[in-house]
Amino acid sequence: MRRFRACLWFCFVVLVGSPLVAPARGDGIAERAKKLHFSSIVLDTHDDTTQRFFSTDFDIAKRNADGSIDIPRMREGGMNAIFFSIWIDGRIMGPPAVQKALDQIDAVRENVRRNSKDMAFCRTADDVRRAHAQGKIAALMGVEGGHMIGNDIRVVRIFGDLGVRYMTLSHFYNDEWADSSTDKPAHNGLTDYGKEIVREMNRQGIMVDISHVSDKTFYDALEISKAPLIASHSSCRALCNHVRDMSDDMIKALAAKGGVIQINYEMSFIDQAYKDASDKLSGGVVAIFDRLKKECGDNEDCIGKKMAEMQRQAVAEGKLPHVSWERIIDHIDHAVKLVGSDHVGLGSDFDGASMPEGMEDASKLPKITEALMRKGYSDDDIRKILGGNVLRVMEQNEKVSREMQTQ
Amino acid sequence: MKNIVSITTMRAAVCVLGGLAVATSLAGDSISEKAVSEKAKKLHFSSIIVDTHDDTTQLLLDPKFDLGVRQNAGSIDIPRMREGGLGAIFLSIWIPSKVTGPTAVQKALDQIDAVREQVRRHQKELMLATTADQVRQAHKDERIAALMGVEGGHMIASDLGVLRTYAALGVRYMTLTHSGNDEWADSSTDKAVHNGLTDFGKDVVREMNRLGVIVDISHVSDKTFYDALETSKAPLFASHSSCRAICDAPRNMTDQMMKDLAAKGGVVQINYHVGFLSQEFRNAEKADPKINEAIAQEVTKRCGSDANEGCMLIEGDRVTREYVAKGVLPRVDYTKIIEHMDHAVKVAGIDHVGLGSDFDGANMPYGMEDATMLPKITEALLNKGYSEGDVRKILGENTLRLMTDVERVSRELNLTK
């Protein structure tokens, strides 16, 4: 019985699976794309895998049946640089938020240490290049939400000293000094203290991440920051009208200051039909999250798993539409047409969002390279999108930091 | 006040005599220069002098405080460290032991940041060091090595992740408790509740060994000391404790404890606090508890009810001196420090004694008011007949050896894991 099922699965993969993964068209593009992909630095700026480190049944070194990220699947998909997201619920504030953030930073550092044959802890663009040259996965960290500093600018510096290389100014809820895109404005963007924090981030070489923040916060941060900003995981509002995405004007303003928009793969951020249906069905991302939070408590891994299961079920029942991974390409292409290939990158939101069909995990990433190549993108442009652009922004942030520290 | 010419002359003299280009005093008048022989000066200013406990960090939390400027109060700043030849300083990360949990963690981070900020601000003068080699490098570069120790296990909030975070930020020792018990270790000045170290406390010690964080047994109960000594794979130290045989305070070490510490390669770093040095002073304090209450009241009056710890520590020292001047408390001379060192050397051996002043956190004896007075220790030890090599060991080499040993154990443990 068991063997029979294994055979069935195998046959399915061979007959149905493989043509989906790599359509053989005999034009040589598939081969060329593969070569390009696996020789590039493929840097994803947002992965919520950190939460899973606290589950006893998760081992990043082993191939996991669930989730999207582990070393084997990163290797298979050529993903060789990852920003692990440090994240806790935005309603936890003050010292408990700080300590919980430290625990996550420690979990990342410990997992990298235990897997030092495969991963290297990185702080700078040069570190990432060095890790790539050694055949290791570059591990970086971003703090997803300003609430984790406990309203204390000293903690920003501590995070920086521990290796955090970006901070998202807010998460779903306003924090003490910045408005979120999914909360009622309370500060009219950034407060004075919020501006001080942005300047301190510049001084420490911590990239300012404007995903999640309100439009006003975005423009305030853009004005204050001396270094280019990133949207670590946001897509295009012109294609899917979600507050978590960026309007064309915002993308243009971000690019004009040298920044990058890292496209998020979450279905309700990339597909209008899905977002509308999801809003009607469950009240949207924040509402779903809140409900699951009640069921799972502090177990964030549980929330992730339940969310994925809920979506799968709703799609199976026809309550939510199918979304193809090709929508990701639409968003990349829209942003490139708008601001050029120097200002777009990848910010999957793997292990923290609902992935479209065909982009279930890191092993699927080569499809992005092939799709862009088929759209006529040059090899150089593709490399920039895969990781080169973020490395450039990191370098610029490092330079600004050096200049500010010597002043 | 000395003029520039005489300072330059003195520096040149040291270079010629010692054959070493060593930075000595960069500024000003000093008692030490007058009281200390040329031989002692030469030895002192060519040695690496390590002090393993200074509470100056509290003052650094005030953004207006600048370590680069000579202060009128307290014992430590860059000019006075230069003048006294203090080459490496462990700045203490400390909050009262009644503050626990996440609040304790955030407050500790604030202090770690305050230290790191001062180092960033004074890069020409200071260097953040985490290893013995870095301390030696700083000495070569004529910079003062700044190190950090967390004074009290309550600051990890029972969380090994926080301990690892402190290590990652550069903390190189942790005192297992402060004056109150924490969740996993008994203090020498609290009622025993854990019978020494709990099982988790032993895990903490083992993780410190792996991280290369020195286990500091100052402040802990005797039972905690013996538990830690048994559990630790690396040598331990007492970052700021003196000898109980001379002054019977629970914060000091018995002869047997010092022998046992030394047998495992450890070091007792002599504390200069008058209440730990002098039995007479301690007796006077004990005889009339109202004295300390009155001192505490006066300190609160001077620092305000919204007490800044830095102010309290410094005013505490000042008010205590006023009581000594009035004859209420006995006067203790700095030579008492030498007495403790000499006793510890006789009991534990020359390789197991060092300096743990407690500057800016305790009441200093007369003649050891601040870092500029340190050459007098060298002078006094030479006068007692200590060899130059032995003096260097006490001044810093013993601590550096201990650090090297702790680093080696850490490397070994990381390899086997």
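Residues numbered from 1 in each chain as written. Chains lettered and ligands numbered in written order. Predicted model: local features only at pLDDT ≥ 70, side-chain atom pairs only at ≥ 80, totals over all residues.

### Some remarks on the overall build of chain A
Thought 1: Along chain A, the regular secondary structure elements total 16 helices and nine strands.
Thought 2: The C-alpha radius of gyration of chain A comes to 20 Å, within 12% of the 22 Å expected for a compact globule of 407 residues.
Thought 3: In terms of overall dimensions, chain A has C-alpha extents of about 65 × 45 × 45 Å along its principal axes.
Thought 4: A total of 407 residues make up chain A; the buried ones form 54% of that total. (Helix = DSSP H or I, 4+ residues; strand = E, 2+ residues; numbered from the N terminus. Rg over C-alpha atoms; globule rule 2.2 N^0.38 Å. Buried ≥ 20, exposed ≤ 12 C-beta atoms within 10 Å, placed from the backbone.)

### Thoughts on the overall build of chain B
Thought 1: What chain B contains, in helices and strands, is 18 helices and nine strands.
Thought 2: A globule of 417 residues ought to have a C-alpha radius of gyration of about 22 Å, and chain B, at 20 Å, matches this closely.
Thought 3: Its C-alpha atoms put chain B at 60 × 55 × 45 Å along the principal axes.
Thought 4: Looking at the 417 residues of chain B, the share that counts as buried comes to 53%.
Thought 5: Restricting the contact set of chain B to residue pairs at least 6 apart, pairs at least 24 apart contribute 76%. (Contact = placed C-beta atoms within 7 Å.)

### Section: the pairing of strand β1 (residues 43–47) of chain A
All names here are of chain A.
Thought 1: The buried fraction of β1 is high, at five of five residues.
Thought 2: Judged from the three bridges that link them, β1 and strand β2 (residues 81–86) form a sheet pairing that is parallel. The residue bridging Leu 43 from the neighbouring strand is Ala 81, located in β2.
Thought 3: Tracing the backbone out of β1, into helix α3 (residues 71–77) and back to the parallel element β2 gives a crossover that is right-handed. (Pairing = 2+ DSSP bridges. Right-handed = clockwise from strand over helix to strand, strands pointing away.)

### Some thoughts on the environment of Glu110(A)
All names here are of chain A.
Thought 1: Relative to the helices and strands, Glu 110 is located in helix α4 (residues 94–114).
Thought 2: For Glu 110, a count of 14 C-beta atoms within 10 Å corresponds to the partly exposed category.
Thought 3: As a C-alpha pair, Glu 110 and Lys 293 span 183 residues in sequence and 27 Å in three-dimensional space.

### A word on the interface of chain B and chain A
Interfaces are often sized by the amount of accessible area the parts lose when they come together.
Thought 1: Every contact between the two is made by 17 residues of chain B and, on the other side, 17 residues of chain A.
Thought 2: Of all the secondary-structure elements, those providing two or more residues to the side of chain B that touches chain A are α6 (101–121) and α8 (160–168) of chain B.
Thought 3: Considering every element that reaches the side of chain B that touches chain A, the biggest residue donor is α6(B), with nine residues.
Thought 4: Of the residues assigned to the side of chain B that touches chain A, the class counts are eight nonpolar, four polar and five charged. (Nonpolar A, V, L, I, M, F, W, Y, C, P; charged D, E, K, R; others polar.)

### What about the pairing of strand β5 (residues 164–168) of chain A?
All names here are of chain A.
Thought 1: The element β5 is extensively covered by neighbouring structure, given that five of its five residues are classed as buried.
Thought 2: Sheet topology note: the strand β4 (residues 137–144)/β5 ladder contains four bridges and is parallel. Within β5, the residue paired with Val 143 across the bridge is Met 167.
Thought 3: For the crossover from β4 across helix α6 (residues 153–162) to β5, the handedness is right-handed.
Thought 4: Where β5 meets strand β6 (residues 207–209), three bridges bridge the pair, whose relative direction is parallel. Residue pairing for β6: Tyr 166 is matched across the bridge by Met 207.
Thought 5: Following the backbone out of β5, through helix α7 (residues 192–204) and into the adjacent parallel β6, one traces a crossover that is right-handed.

### Considerations on the packing of α6(A) against α6(B)
Thought 1: Running from N to C, α6(A) and α6(B) cross one another at 75°; their axes reach a closest spacing of 9 Å. Viewed along their axes, α6(A) and α6(B) adopt a mutual orientation that is roughly perpendicular. On α6(B), the residues touching Arg154(A), Val155(A), Arg157(A), Ile158(A) and Asp161(A) of α6(A) are Gln106(B), Leu109(B), Asp110(B), Ile112(B), Asp113(B) and Arg116(B).
Thought 2: The residue inventory of the contact of α6(A) with α6(B), partitioned by class, reads four nonpolar, one polar and six charged. (Axes fitted to C-alpha atoms, helices over the stretch in contact; angles between N-to-C directions. Parallel < 35°, antiparallel > 145°, perpendicular 65-115°, else oblique.)

### Things to note about α7(A)
Residue and element names in this part refer to chain A.
Thought 1: The terminal C-alpha atoms of α7 lie 19 Å apart, and with 13 residues this matches the ideal 18 Å at 1.5 Å per residue to within 8%.
Thought 2: Taken together, the buried residues of α7 touch α6, β5, β6, α8 (215–224) and α16 (379–406).
Thought 3: One or two residues past the end of α7 sits Gly 205, with phi positive at roughly 75°. (Expected span 1.5 Å × (residues − 1).)

### Comments concerning the packing of helix α14 (residues 289–303) of chain B against helix α15 (residues 309–325) of chain B
For any two helices packed against each other, the geometry is given by the interaxial angle and the distance between the axes.
Residues and elements named next belong to chain B.
Thought 1: Interaxial distance between α14 and α15 falls to 9 Å at its minimum, and their mutual angle equals 130°. Between α14 and α15, the angle is such that the two are oblique. In this structure, α14 crosses over α15, and the sense of that crossing is right-handed. Between α14 and α15, the residues in contact are Ile 291, Ile 295, Glu 298, Val 299, Arg 302 and Cys 303 and Cys 311, Met 312, Glu 315, Gly 316, Val 319, Thr 320 and Tyr 323, respectively. (Left-handed = near helix turned anticlockwise from the far one by under 90°.)

### Brief notes about the confidence of the model for chain A
For residues with low pLDDT, the predicted coordinates do not support detailed interpretation.
Thought 1: For chain A, the average pLDDT comes to 92, and 94% of its residues sit at 70 or higher.
Thought 2: Considering only residues more than four positions removed or in separate chains, one finds that residues 1–21 of chain A, a stretch of pLDDT under 50, has two contacts. (pLDDT = per-residue confidence, 0-100.)

### Here's the deal with the nonpolar core
Thought 1: Ala139(A), Ala88(B), Ile144(B), Ala146(B), Val171(B), Val268(B) and Ala344(B) are the most contacted members of the largest nonpolar core, which totals 218 residues.
Thought 2: Among the elements that make up this core, the one with the highest residue count is α6(B) (eight residues).
Thought 3: Leaving out residues up to four positions away in the same chain, Ala139(A) has contacts with Ile82(A), Phe84(A), Val108(A), Val112(A), Met119(A), Ala120(A), Phe121(A) and Cys122(A). (Core = buried A, V, L, I, M, F, W, Y, C linked by C-beta atoms within 7 Å.)

### Overview of helix α11 (residues 272–282) of chain A
All names here are of chain A.
Thought 1: Listed as buried for α11 are Tyr 274, Lys 275 and Ser 278. Viewed along the axis of α11, the buried residues span an arc of 95°, placing them on a single side of the element.
Thought 2: Those residues of α11 that are buried are in contact with α10 (267–270).
Thought 3: Just past α11, the residue Gly 283 takes up positive phi, approximately 85°. (Arc of directions from axis to C-beta.)

### Focus on the environment of Ala231(A)
Residue and element names in this part refer to chain A.
Thought 1: Mapped onto the elements, Ala 231 comes out in strand β7 (residues 230–231).
Thought 2: The class of Ala 231 is buried, set by 30 C-beta atoms lying within 10 Å.
Thought 3: Between the C-alpha atoms of Ala 231 and Ser 247, which are 16 residues apart in sequence, the distance is 12 Å.
Thought 4: Beyond its immediate stretch of four places on either side in the chain, Ala 231 contacts Asp 209, Ile 210, Ser 211, Met 246, Leu 254, Ile 261 and Gln 262.

### Considerations on unusual backbone geometry
Thought 1: Notably, Asn151(A) is not glycine yet its phi reads approximately 55°, a positive angle.
Thought 2: Mapped onto the secondary structure, Asn151(A) falls in the loop between β4 and α6.
Thought 3: Judged by the 17 C-beta atoms lying within 10 Å of it, Asn151(A) falls in the partly exposed class.
Thought 4: Even without being glycine, Asp358(B) reaches a positive phi, approximately 75°.

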